[in-house]
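A look at the structure
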Amino acid sequence: MRLAVFFTPPRDHPLSIAAADWLGRDAFTGESRERAPVAGFETAEIDALTADPRRYGFHATLKPPFRIAEGHTADDVREALAGFCAGRPAIRIPALELTALGPFFALTIGGETGEVDALAADVVRAFEPFRAPASEAEIARRRPDALSESQRANLADWGYPYVFSDFQFHMTLTGRVPPERRAAMATVLRQRFASFIDQPLAIDALSLFREPSPPSDFVVDCQQALPPLAHSVEQV
């Protein structure tokens, strides 16, 4: 089993619903969702292009998936998440934007990222005691030779290359999209997520995701609310 600390909006949030409809799976229940037809794409093509994010569920990574260290249990991690969230106020993403991250498409932050970057860094540190050391196979899967010096150091120290200064908040919507299909995919995603692009979003809860038996689908194990913002946040 692997666990991960991710951000995803609550199950009944419009963005969670839209993402589950797009990916074809609800990470809160593990149930498949029937996807509406996608203009210009066959069903099998969309299924293939969304296979990876569908397995992980709609989320932004904070503490990447990890095996539990010897001497700890999943209950220990759940308790730590509850304690972490109790003392950490919600924060506000100024606006979401649709971004092509190389061959992938994701929702990212438009505007200041400092608060989110700080939250991610604190989550990485807070849950590090529960992470079993990465195996040689896990390290090799990250292709260290293709990483930057700081990313290789992160991989060695924290089990994942993209933390701290190498972190970028993103909520993945596709796997690798071939170059000749990217313009069409961008058009589809802008239409599907038009209600959320250029709109603010509150990070008001953190979720523990669980992968029962790798490689299998991740599901939401539990979600913990963060104390409310001092001022209300407009969000769709």
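Here goes a summary of the coordinates provided.

Analysis parameters
Residues numbered from 1 in each chain as written. Predicted model: local features only at pLDDT ≥ 70, side-chain atom pairs only at ≥ 80, totals over all residues. Heavy atoms only, no water. 1 Å grid on protein atoms, 1.4 Å probe; cavity = no way out; pocket = protein on both sides within 12 Å on 5 of 7 lines; lining within 4 Å. Points joined across faces, edges and corners; volume = space filled by probe spheres on them. Helix = DSSP H or I, 4+ residues; strand = E, 2+ residues; numbered from the N terminus. Nonpolar A, V, L, I, M, F, W, Y, C, P; charged D, E, K, R; others polar. Phe/Tyr/Trp six-rings, centres within 6.5 Å; stacked < 30°, edge-to-face > 60°. Buried < 20%, exposed > 50% of the residue type's maximum accessible area, 1.4 Å probe, protein only. Lys NZ or Arg CZ within 6 Å of the ring centre and 35° of its normal. Core = buried A, V, L, I, M, F, W, Y, C linked by side-chain atoms within 4.5 Å. Contact = heavy atoms within 4.5 Å. Salt bridge = Lys/Arg side-chain N within 4 Å of Asp/Glu carboxyl O. Arc of directions from axis to C-beta.

This part covers the layout of surface pockets. Of the voids in this model, the largest pocket is the one considered here, and its volume is about 1,600 Å³. Lining of the largest pocket is provided by 49 residues; of these, Phe104, Arg142, Tyr160, Tyr162 and His170 occupy positions nearest its centre. Secondary structure elements with two or more residues in the lining of the largest pocket: strand 1 (2-7), helix 2 (43-49), helix 3 (51-56), strand 2 (60-67), strand 5 (104-109), helix 6 (136-141) and strand 6 (170-172). Per-element accounting of the lining of the largest pocket gives the leading share, seven residues, to strand 2. Tallied by class, the residues present in the lining of the largest pocket amount to 28 nonpolar, nine polar and twelve charged.

All right, on to the packing of aromatic side chains then. Scanning the model with the defined rule gives nine aromatic pairs in all. Centroid distance phenylalanine 6 to phenylalanine 218: 6.4 Å. Interplanar angle 40 degrees. Geometry classified as tilted. Taken as a pair, phenylalanine 6 in strand 1 and phenylalanine 218 in the loop between strand 8 (205-211) and strand 9 (219-225) lie far apart in primary sequence, 212 residues in all. Between the aromatic rings of phenylalanine 193 and phenylalanine 196, the centroid separation amounts to 6.4 Å while the plane-to-plane angle is 55 degrees, which identifies the pairing as tilted. Each of the two residues, phenylalanine 193 as well as phenylalanine 196, counts as buried. These aromatic residues form a ring-pair network of at least three members: Phe6, Tyr56, Phe209 and Phe218. Across the ring face of tyrosine 56, the terminal group of arginine 55 is positioned such that the distance to the ring centre comes to 4.6 Å. The ring of phenylalanine 41 is capped by arginine 181, whose NZ or CZ atom sits 4.1 Å from the centre of that ring.

Ranked by internal contacts, the top residues of the largest apolar core, which has 52 residues, are Trp22, Leu107, Phe169, Met185, Phe193, Ile203 and Leu206. No other element matches helix 4 (residues 74-86), which puts five residues into this core. When sequence neighbours within four positions are dropped, the list of residues in contact with leucine 206 reads Val5, Phe6, Leu62, Leu81, Phe84, Cys85, Leu119, Val123, Cys222, Gln223, Gln224 and Leu226. In terms of nonpolar packing, the next biggest core, distinct from the first, is built from six residues, Phe6, Phe209, Phe218 and Val220 among them.

Counting across every chain of the model gives 16 salt bridges. Among the salt bridges present, the one from aspartate 47 reaches arginine 35, with a minimum N-O distance of 2.8 Å. Remark: arginine 35 occurs in the loop between helix 1 (14-23) and helix 2 and aspartate 47 occurs in helix 2; sequence separation between them is twelve residues. Across the salt bridge formed by glutamate 138 and arginine 67, the nearest N and O atoms sit 3.1 Å from each other. Within this pair, whereas glutamate 138 is found in helix 6, its partner arginine 67 is found in strand 2, the two being separated by 71 residues in sequence. Connected through salt bridges with shared partners, the residues Arg11, Asp21, Asp26 and Arg33 form a single ionic network.

As a further point, take helix 8 (residues 182-192). Every buried residue belonging to helix 8 is among Met185, Ala186, Val188 and Leu189, and all of these are buried. The buried residues of helix 8 all sit within an arc of 165 degrees when viewed along its axis, so they share a single face. The exposed set on the far side of helix 8, more than 90 degrees from its buried face, consists of Ala183 and Gln191. Lining the buried residues of helix 8 we find helix 1, helix 2, strand 4 (96-101) and strand 5.

Shape is all these values report; function is a separate question.
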